[in-house]
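Given next are the chains, with one letter for each unit.
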Amino acid sequence: MPYIAPIVEGHGEVEAVPALLHRIAQGETPNITLRVNFPIRVKAGSFLNDDAYFRKHILLAAAKAAQANGFVLILLDCEDDCPATLGPSILSGAQAIREDVGYLVVLAYREYESWFLAAARSLRGIRGLPEDLEPPYRIEGVRNAKGWLKKRMAVPYDPVVHQLEFSRRFDLQQARANASFNRFYDRISTTLATMP
């Protein structure tokens, strides 16, 4: 059974990411049972800039993954950082700490919520979103995806309240119009397909 030990940065992602991983696994490899460790939540600034903090959380996730012959998923918002630079840097740092465990580093371009924007049509009518909701013209050009959602909802968007529900309901194929989600989807499905 494939096993993933996630590291995430947001409170909402603690519940949302396992749900999203299960959806991808069931869609791509329905004959397997995916096990997901309860995500380890980190403060992104400390995780990226404090060596001791980074090491502590990598060791914790790697120990969980190693026990189950699984891998560590590091999922962060890249905000204004370049994913092509930041991702490999995080990966090499993790591998230097513990190299006997597999790592998958995924950076949501800008923020996790940008993935919802790409699949906006599938979220019509949910939590007060308009019935005619359309994705923004340039999905990855939206600087504040949380704010974009908030402006269109009947109640203010709150990641802790809404991220899990949206992660369970947004159309995964529509979301693949977002390049960072497409990479995430492909990397998760490819990794799961190669695991025992």
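No experiment lies behind these values; they were computed from the predicted model shown.

Novice: Got a sec to walk through the packing of helix 1 (residues 11-28) against helix 9 (residues 179-194)? Specific residues and values, please.
Specialist: The interhelical angle for the contact between helix 1 and helix 9, taken along N-to-C directions, is 60°, at an axis separation of 10 Å. Considering the angle they form, helix 1 stands oblique to helix 9. Taken as a pair, helix 1 and helix 9 cross one another with a handedness that is right-handed. Between helix 1 and helix 9, the contacting residues are L20, L21, I24, A25 and E28 on the first element and F181, F184, Y185, I188, S189 and L192 on the second. Partitioned by chemical class, the residues of the contact of helix 1 with helix 9 number 9 nonpolar, 1 polar and 1 charged.

Novice: Before we move on, can you summarise the pattern of salt bridges with the specific residues and values?
Specialist: Summed over all chains, the structure comprises 8 salt bridges. Among the salt bridges present, the one from E165 reaches R127, with a minimum N-O distance of 2.6 Å. Residue E165 is located in helix 7 (residues 159-169), and its partner R127 is located in the loop between helix 5 (114-118) and helix 6 (145-152); the two are separated by 38 residues in the primary sequence. The closest approach of N and O atoms between R169 and E165, which form a salt bridge, is 3.4 Å. One end of the pair, R169, and the other, E165, are both in helix 7, 4 residues apart, so they sit about a helical turn from each other.

Novice: Provide a residue-level description of the nonpolar core, including the pertinent values.
Specialist: In this structure, L73 and F184 are the most contacted members of the largest nonpolar core, which totals 45 residues. Mapped onto this core, the elements with two or more residues apiece are strand 1 (3-8), helix 1, strand 4 (71-77), strand 5 (102-108), helix 5, helix 6, helix 8 (172-175) and helix 9. With 7 residues, helix 1 is the single largest residue contributor to this core. Apart from the residues lying within four places of it in its own chain, the contact partners of L73 are I4, A5, P6, I7, V17, L21, L104, V106, F184 and I188. With 25 residues, the next largest nonpolar core counts I7, F54, C78 and L86 among its residues.

The rules behind the values
- Residues numbered from 1 in each chain as written.
- Predicted model: local features only at pLDDT ≥ 70, side-chain atom pairs only at ≥ 80, totals over all residues.
- Heavy atoms only, no water.
- Axes fitted to C-alpha atoms, helices over the stretch in contact; angles between N-to-C directions.
- Helix = DSSP H or I, 4+ residues; strand = E, 2+ residues; numbered from the N terminus.
- Parallel < 35°, antiparallel > 145°, perpendicular 65-115°, else oblique.
- Left-handed = near helix turned anticlockwise from the far one by under 90°.
- Contact = heavy atoms within 4.5 Å.
- Nonpolar A, V, L, I, M, F, W, Y, C, P; charged D, E, K, R; others polar.
- Salt bridge = Lys/Arg side-chain N within 4 Å of Asp/Glu carboxyl O.
- Core = buried A, V, L, I, M, F, W, Y, C linked by side-chain atoms within 4.5 Å.
- Buried < 20%, exposed > 50% of the residue type's maximum accessible area, 1.4 Å probe, protein only.

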